[in-house]
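Structure at a glance
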Amino acid sequence: MSIQCRFTRTQILNPINTACFLSTANTDDAFVAHSSHHHLSAIESKDQLLKSYTVNPPIKPWPQKLYPKRLVSIITSQQNLDLSLQIFNHAGKFHPGFEHNYETYNAMIHKLARARAFGPMETLLTQLHKSSIKCGENLFITVIRNYGIASRPKHSLRTFLRIKEFGVERSVRSFNTLLNALIQNKRYDVVHVLFKNCRKKFNIIPNVFTCNILLKAFCKNNDVDGATKVLDEMPAMGMVPNVVTYTTILGGYVSRGDMVGAKKVFDDILDRGWIPDATTYTILMDGFCKQGRLMDAVKVMDGMDEYKVEPNDVTYGVMIEAFCKEKKSGEACNLLDDMLEKKYVPSSTLCCKLIDLLCEEGKVEEACDLWKKLLRKNCTPDNAISSTLIHWLCKKDMIKEARKLFDEFERSSIPSVMTYNTLIAGMCEKGELCEAGRLWDDMVEKGCIPSAFSYNMLIKGFVKVGNASEGIRFLEEMLDKKCLPNKSTFSILLEGLYDSRCEADLSKVVSMAVSSGVGIDTDIWRAFLVKFVANLDDEGAILDRILLENGT
């Protein structure tokens, strides 16, 4: 990502006539003779030179008095990354009396790191290193974390090793951030090596969080035995395991499908007098659900009530998905109601699964009620949820209801091509071509570009009612709009042309298929050959003409 500081320079005080200067600067004498020579020779410093010019600031109004705290606020609130960097550079280079400090560098580097603009970020780090500004560790924690998120573990490690170059002492906080970045990128072996050498090499004393991170590395590497060994050694290292420690190992057992081991760790937590948190319960419930042991998961969730532990959104998601898988729509709906009452927002995928289940069970009205309930709870259904429900309404011959839901959705959201396609497909399937055409026009008018699937649905609809010629018109429009047809497009038309006895257009469609480079599916050709051979007297000549015209 290339980000440059751009500015326009406007000459004001004692201006130099640039055009004249260039035209007369052919010799040294001409330059010396020019009046501007005396102006330039009188300038002794950069500050004096800058006073002769006005540099337009990147934003207006630009504050007359600028302090670091004010600049941090401006940079933080600016959404345009390129403009943020221009503001930062302008303040440091051109604002009279302003000097950057740690807070301004930290704000700009934080913004660049989060945007994965690592080139400009490294440039600022180099500037910071050359300056005499005293830094803090938080800046480097931000860089290490974001390099990890961007799948650059080597850069995370390099940044950690460079911290001392900036006059900053590395602490367990930056070390833990580094270990997490390495785990994110599955460098489990490096995590273990660093942990073993953290005291000797970096003079860092690990804490319980460090041990928990190491346990996570072992468990993600499917080495629960190694994690258990570290757990046993923690007291000797002067650390007391906590709920997170045991939850991490419990997750390791769940990941490898050992629910006996997972339940034993869970019981150990209770035996120690600790109360598991929602994450602990959820991991155990998820393990049971993945093995189809729904009743065991329900018992664990009942235990949350006993210990007054509130489920979180992940807990609800795990259980609702499990109930959907077991075709228990009533229980799934009850949990979703609880979830909404507690102000949690269910995922789009979760809602689609529940709507699918309700409609499969013939409870389309309940699915519509669920959609409306999401609206009332300020959880506006997205395109995926709305498309799912529209699909089922069309499938149940409820085209008017589907259109009504679409219109209601359109009042608060922007329908995607997928949502338009779902309703158009349903209308075409039921022969509602006029309505489908009106919806098509609405889609195009609102700047939603039809896809190959959109065209296929309309073409199929026209072919189905015996109007293949209109289907060909849409195919021609499709090619004109540079929307590449697929094999299904030609298959739909060819089958329709043969079945409706429109042999005159058959050669035209074959030519379009050949010229488009898509070709025709082998199975379709085989089907045609069988039909042609079955009636050679009438149609053998047609086949000969098609082969002759297309040179095949």
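Scroll up for the structure.
Here the structure is a predicted model, which is why all the values come from computation and not from measurement. (Residues numbered from 1 in each chain as written. Predicted model: local features only at pLDDT ≥ 70, side-chain atom pairs only at ≥ 80, totals over all residues. Heavy atoms only, no water.)

1. A word on the packing of helix α12 (residues 188-202) against helix α13 (residues 208-220)
To keep things clear, this is the line we draw: Orientation is described by lines fitted to C-alpha atoms, with helices fitted over the stretch in contact, and by angles between N-to-C directions that extend from 0 to 180 degrees. The way it works is that DSSP assigns letters per residue, a run of H or I at least four long becomes a helix, a run of E at least two long becomes a strand, and they are numbered from the N terminus. By definition in this entry, angles of less than 35 degrees are roughly parallel, angles greater than 145 are roughly antiparallel, angles of 65 to 115 are roughly perpendicular, and the rest are oblique. Crossing handedness: left-handed means the near helix sits turned counterclockwise from the far one by under a right angle, and right-handed means the same turn made clockwise. Residue contacts are counted whenever heavy atoms from the two residues lie within 4.5 Å of one another. The classification used treats Ala, Val, Leu, Ile, Met, Phe, Trp, Tyr, Cys and Pro as nonpolar, Asp, Glu, Lys and Arg as charged, and all other residues, Gly among them, as polar.
For the pair α12 and α13, interaxial distance at closest approach is 9 Å and the crossing angle is 150°. Relative to α13, the element α12 lies roughly antiparallel. Crossing of α12 over α13 shows left-handed handedness. Contact residues: Y188, V191, H192 and F195 in α12; T210, C211, L214, A217, F218 and K220 in α13. Considering only residue class, the contact of α12 with α13 consists of seven nonpolar, two polar and one charged.

2. Some thoughts on the packing of aromatic side chains
The condition that has to hold: Classification of ring pairs rests on two measures: the distance between centres of Phe, Tyr or Trp rings, Trp counted by its six-membered ring, which must be within 6.5 Å, and the angle between planes, read as stacked under 30 degrees, edge-to-face over 60 and tilted in between. When the NZ atom of lysine or the CZ atom of arginine is within 6 Å of a ring's centre and also within 35 degrees of its normal, the charge is said to sit over that ring.
Counted according to the given criterion, the structure contains 13 aromatic pairs. Linked through ring pairs, W440, Y455, F462 and F474 together constitute an aromatic cluster. Looking at R170, its charged tip hangs above the ring of F160, at a distance of 5.2 Å from the centre.

3. Regarding the side chain of S386
Which entries qualify depends on this criterion: When accessible area is computed with a 1.4 Å probe and restricted to protein chains, residues below 20% of their type maximum are described as buried, those above 50% as exposed, and intermediate ones as partly exposed. Between N or O atoms, a polar contact is any pair within 3.5 Å; within protein, one atom must be a potential hydrogen donor and the other a potential acceptor, and residues adjacent in sequence are included only when both atoms are from side chains.
Note on placement: S386 falls in helix α23 (residues 383-395). Looking at S386, the relative accessible area reads 0%, which means it is buried. Only 3.1 Å separates the side chain of S386 from the side chain of W371, close enough to count as a polar contact. Beyond its immediate chain neighbours, meaning those up to four positions away, S386 contacts W371, P381, L405 and F409.

4. Observations concerning helix α27 (residues 452-464)
Keep this limit in mind: Take the number of residues in a helix, subtract one, and multiply by 1.5 Å to get its expected span.
Over its 13 residues, α27 extends 18 Å from the first C-alpha to the last, a length consistent with the 18 Å expected when each residue adds 1.5 Å. Taken across its 13 residues, α27 has 10 buried, putting it largely inside the fold. The complete set of buried residues in α27 reads A452, S454, Y455, N456, M457, L458, I459, G461, F462 and V463. Remark: G466 follows α27 within two positions and exhibits a positive phi of approximately 80°.

5. Topic: the packing of helix α26 (residues 433-445) against α27
Each pair of packed helices can be summarised by the angle the axes make with each other and by the distance between the axes. Packing of α26 against α27 leaves a shortest axis separation of 11 Å and a crossing angle of 160°. On the basis of the axis angle, α26 is roughly antiparallel to α27. The way α26 lies across α27 gives a crossing that is left-handed. When α26 is examined against α27, the residues L433, A436, W440 and M443 are found in contact with a partner set consisting of S454, Y455, L458, G461 and F462. For the contact of α26 with α27, the residue count by class is seven nonpolar, two polar and no charged.

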